[in-house]
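Structure assessment
As a plain string of letters, each chain reads:
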Amino acid sequence: MQDINIKITDRNGVKHDIVAPTDMAMNLMEVVRSYELAEEGTIGICGGMAMCASCQCYVNSDTELPAMTDDEDAMLAEAFDVEDNSRLGCQIQMTPEMEGLEVTLAPES
Amino acid sequence: MITTDILIIGAGPTGLFTIFEAGLLKLKCHLIDALPQPGGQCSEIYPKKPIYDIPAYPEILAGDLTDKLIEQTKQFKPGFTLGERAETIDKQEDGSFIVTTNKGTKHHAKIVAIAGGLGSFEPRKPKIESLEKFEDNGVEYIIKEPELYRDKKVVISGGGDSALDWAIFLSDVASEVTLIHRRNEFRGALDSVEKVQELKNAGKIRMITPAEVKGIVGDDKVTGVVVEKKGEDAFTVDTDHFIPLFGLSPKLGPIANWGLEIEKNAIKVNNALDYQTNIPGIYAIGDVNTYPGKLKLILCGFHEATLMCQSAYKRIFPDKKYVMKYTTVGGVEGFDGTKKEAPKAVVKAIE
Ligand SMILES: Cc1cc2nc3c(=O)[nH]c(=O)nc-3n(C[C@H](O)[C@H](O)[C@H](O)COP(=O)(O)OP(=O)(O)OC[C@H]3O[C@@H](n4cnc5c(N)ncnc54)[C@H](O)[C@@H]3O)c2cc1C
Ligand code: FES
């Protein structure tokens, strides 16, 4: 399986070019954690169950994303700083289709 | 002043299991937790979800694990200070510690075990102007005393289980309950959603959706909230209380200023020996600590708690000789006079 290139802007506004594996069953929240782009303990609190919104990000590219599940949609309805392009990072799996994805991490809340 | 042998900060699975291991060594424990109930992440974040890697349990719900841990520790009569956050620590001349909570409750112990997990669970506060000014003057984030709302008007906002459950509960206590959420859909257990629907139909809960609370009205106390509903002008809803329920998020908080070595939001400990921190007498166990190879798992917290208690015992009784006994062999003698022990084998001749 191939690696993909994505761009992640952290909470301090710094842009990172990231190479993410597609064969590790990783989601975007886990990529952020493995590269330590957000302080430990401030992202992935619920472990990736769409239950905390600590992994919220804004999608800046027009990458075709997996459809939102009811869980993700409902969690975003309770989160803060939500924009039209908000998604939960833990619900975006690293697949070859995510090549070129660009996101900005939402502020901590 | 509450006095105990081991003061445990955090009543998650790690803190709870510490009571048992300490009890085997005849050491008494008292626990402080910011949450109103024990269980830590297991009770606050995912009580109804299964866990598959607790040894000997192919599957157990996080809420059931909490219940079983509490049951296992009962005979050691632990004390609890719940709904309060440990704020400061003062080392005494004799090497013991006094820990004071945000409510001023003082605890004195020879040993402090920090089992604080990801941190103390603090309410997530919506961004509403002057919200903090009204805290405890009509704005509450956690419901501790339901009686406070007797015959009062209450506005709850949020779309999850706690918003639904409290709306249901308070509909019997308060004079008026209004539930406000950004969507028409709620994220909760099916029976809670159905119950709220029933209460709404019966006129016992007023629903305003999709809408958002944008402001608070009142001088010193809340008298109303400003609500914006999609496609309508903002309007005011009269109320005595506004309860935003947007979940809790863990924050390491005051412990970060206790002079402990912190790395990546966790407390560094000596994992070669006993999970002691850089301050002798203060241990850190479970999710809250870090060392090379650390894994934030429940079973790792149990192991750390066990070794930590042995070390605590040696600190408290430096001159006592001690040998570890299996529970099967030694039984379990509670502080409440109970004793569990393995039944004796029968010795009887066969004619
Ligand atoms: C959705 C989810 C699924 C999980 N699944 C698994 C799994 O399958 N297997 C597994 O092993 N683990 C799992 N975990 C992780 C597991 O829940 C944690 O490892 C475990 O809860 C850690 O226990 P703890 O007692 O160390 O800390 P916690 O459970 O975090 O408890 C710490 C407590 O300390 C309190 N506290 C902290 N600071 C203070 C203070 N200053 N004053 C007062 N109170 C304070 C907090 O309020 C909290 O209640 C999961 C976690 C989540 C969120
Ligand atoms: S990690 Fe909790 S919602 Fe994504």
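Computed from a prediction, not measured in an experiment: that's the story for all the values here. (Residues numbered from 1 in each chain as written. Chains lettered and ligands numbered in written order. Predicted model: local features only at pLDDT ≥ 70, side-chain atom pairs only at ≥ 80, totals over all residues. Heavy atoms only, no water.)

**With respect to the packing of aromatic side chains**
Residues and elements named next belong to chain B. Enumeration according to the criterion identifies nine aromatic pairs over all chains in this entry. A centroid spacing of 5.9 Å and a plane angle of 25° characterise the contact between Phe-17 and Phe-20, whose relative ring orientation is stacked. On the criterion of helical spacing, the pair formed by Phe-17 and Phe-20 is a turn pair, its members being three residues apart in helix H1 (residues 13-24). A relative accessible area of 9% places Phe-20 in the buried class. (Phe/Tyr/Trp six-rings, centres within 6.5 Å; stacked < 30°, edge-to-face > 60°. Helix = DSSP H or I, 4+ residues; strand = E, 2+ residues; numbered from the N terminus. Buried < 20%, exposed > 50% of the residue type's maximum accessible area, 1.4 Å probe, protein only.)

**Remarks on the interface of chain B and chain A**
With 22 residues of chain B at the contact, the number on the chain A side is 23 residues. At the boundary of chain B with chain A, total buried surface from both sides reaches about 2000 Å², with 50% on carbon and sulfur atoms. Inspection of the chain B/chain A interface yields six salt bridges. B:Arg187 serves as the salt-bridge partner of A:Glu78, at 2.8 Å between the closest nitrogen and oxygen. Counting across the chain B and chain A interface gives 10 residue pairs in polar contact (both at pLDDT 80 or more). Considering only residue class, the side of chain B that touches chain A consists of seven nonpolar, five polar and 10 charged. (Contact = heavy atoms within 4.5 Å. Buried area = accessible area lost by both parts, 1.4 Å probe. Salt bridge = Lys/Arg side-chain N within 4 Å of Asp/Glu carboxyl O. Polar contact = N/O pair within 3.5 Å; in protein donor to acceptor, adjacent residues only side chain to side chain. Nonpolar A, V, L, I, M, F, W, Y, C, P; charged D, E, K, R; others polar.)

**Observations regarding the site of ligand 1**
Neighbouring residues of ligand 1: 34 residues in total, closest B:Asp33, B:Tyr46, B:Asp53, B:Ala86 and B:Asp287. One finds residues of chains A and B in close proximity to ligand 1. Take B:Gln41: an N or O atom from its side chain is 2.8 Å from an oxygen atom of ligand 1. Contacts to ligand 1 include B:Ile298, whose backbone N or O atom sits 2.9 Å from an oxygen atom. Protein chains bury 92% of the 1000 Å² of accessible surface belonging to ligand 1 in isolation. Listed by contribution, the elements that provide at least two residues to the shell around ligand 1 are H1, strand S2 (29-33), helix H2 (40-44) and strand S9 (120-123) of chain B. (Near = heavy atom within 4 Å. Areas by Shrake-Rupley, 256 points an atom, 1.4 Å probe, with all protein chains shown as cover.)

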